[in-house]
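Take a look at the letters that make up each chain.
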Amino acid sequence: TVRERMARRYGEEKQATLVETGNLGMQEYACGDRDAGLDYVRRAERDLRRLFGEGNVAAHSFRHFLAESLAEQKRWSEALQMLDGLDVKALVAGNSKPGWEHRLGALRGEILIGLGRLQEGRALLSTALPEAVALGLLDPDDVKRLSGLLGDR
């Protein structure tokens with residue numbers, strides 16, 4: 001409702017409307033309609049970059065959501081493509097929690113392992129995971145899952 005009202009009142013291509021489009025997508029994804037959710041978030045991310053530049057903070061936040069969500073679905077190539085376009089400075093501007101480089105390193109490691117690039121992925125993950133854990137960036141289930149990807153190291 002909020003997104004539709006904003007689109008009618010301010011226009012489809014206003015930044016606030018696009019942010020609400022991405023937020024709607026995140027909620028749809030969380031509520032179980034993953035395809036619709038990803039479509040909304042992709043649209044928001046793409047249009048924010050197109051209209052407001054590659055460094056748009058909201059676009060990077062949505063792109064990070066896409067990378068994580070696609071990795072969760074084991075859509076590794078798409079996840080890596082989203083991850084490759086991320087900028088730590090833009091992510092920090094949108095969310096000042098510390099450790100973005102470690103979060104992204106752990107995510108990249110997971111994705112590379114998923115793509116079968118085990119040595120490269122494990123090397124990244126073995127460096128990023130302890131730092132992310134030390135900063136309290138991951139919940140226990142994620143720590144367990146990611147630790148399991150390291151194999152017999």
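Look up a bit, the structure's there.
Everything in this summary refers to the structure shown in the same document. Computed from a prediction, not measured in an experiment: that's the story for all the values here.

Cut-offs and rules
Residues numbered from 1 in each chain as written. Predicted model: local features only at pLDDT ≥ 70, side-chain atom pairs only at ≥ 80, totals over all residues. Heavy atoms only, no water. Helix = DSSP H or I, 4+ residues; strand = E, 2+ residues; numbered from the N terminus. Rg over C-alpha atoms; globule rule 2.2 N^0.38 Å. Buried < 20%, exposed > 50% of the residue type's maximum accessible area, 1.4 Å probe, protein only. Contact = heavy atoms within 4.5 Å. Areas by Shrake-Rupley, 256 points an atom, 1.4 Å probe, with all protein chains shown as cover. Phe/Tyr/Trp six-rings, centres within 6.5 Å; stacked < 30°, edge-to-face > 60°. Axes fitted to C-alpha atoms, helices over the stretch in contact; angles between N-to-C directions. Parallel < 35°, antiparallel > 145°, perpendicular 65-115°, else oblique. Left-handed = near helix turned anticlockwise from the far one by under 90°. Nonpolar A, V, L, I, M, F, W, Y, C, P; charged D, E, K, R; others polar.

Quick look at the overall build of the protein chain
For step 1, the next point in the chain: Each helix and strand counted, the protein chain has 9 helices and 0 strands in total.
For step 2, the next point in the chain: Counting from the amino terminus, helix and strand elements in the protein chain follow one another as α-α-α-α-α-α-α-α-α.
For step 3, the next point in the chain: Taking 2.2 N^0.38 as the reference for a compact globule, 153 residues should give roughly 15 Å; the C-alpha atoms of the protein chain span a radius of gyration of 16 Å, in line with that estimate.
For step 4, the next point in the chain: Dimensions of the protein chain, computed from C-alpha atoms along their principal axes, come out at roughly 55 × 30 × 25 Å.
For step 5, the next point in the chain: By the burial criterion, 38% of the 153 residues in the protein chain qualify as buried.
For step 6, the next point in the chain: Residue pairs in contact within the protein chain that sit at least 24 positions apart in sequence constitute 52% of those at least 6 positions apart.
For step 7, the next point in the chain: As displayed, the protein chain offers around 8500 Å² of accessible surface, 49% of which is attributable to carbon and sulfur atoms.

Re the packing of aromatic side chains
For step 1, the next point in the chain: Applying the stated criterion across every chain yields a total of 1 aromatic pair.
For step 2, the next point in the chain: Judged by centre distance (5.5 Å) and plane angle (85°), the rings of Y29 and F65 are edge-to-face. Taken together, the residues Y29 in helix 2 (residues 15–30) and F65 in helix 4 (residues 57–72) connect sequence positions 36 residues apart.
For step 3, the next point in the chain: Residue classification places F65 among the buried residues on the basis of a relative accessible area of 14%.

Remarks on unusual backbone geometry
For step 1, the next point in the chain: Phi angles above zero are rare outside glycine, and K74 is one such case at about 65°.
For step 2, the next point in the chain: Locating K74 in the fold gives a position in the loop between helix 4 and helix 5 (76–84).
For step 3, the next point in the chain: On the basis of relative accessible area, K74 is assigned to the exposed category, the value being 57%.

Some details on the packing of helix 8 (residues 118–134) against helix 9 (residues 140–149)
For step 1, the next point in the chain: Interhelical geometry of helix 8 versus helix 9 gives an angle of 155° and a closest axis separation of 10 Å. The pairing of helix 8 with helix 9 is recorded here as roughly antiparallel in orientation. As helix 8 packs across helix 9, the resulting crossing turns out to be left-handed. In this structure, helix 8 contributes R122, L125, L129 and V133 to the contact, and helix 9 contributes V143, L146, S147 and L149.
For step 2, the next point in the chain: A per-class count over the contact of helix 8 with helix 9 returns 6 nonpolar, 1 polar and 1 charged.

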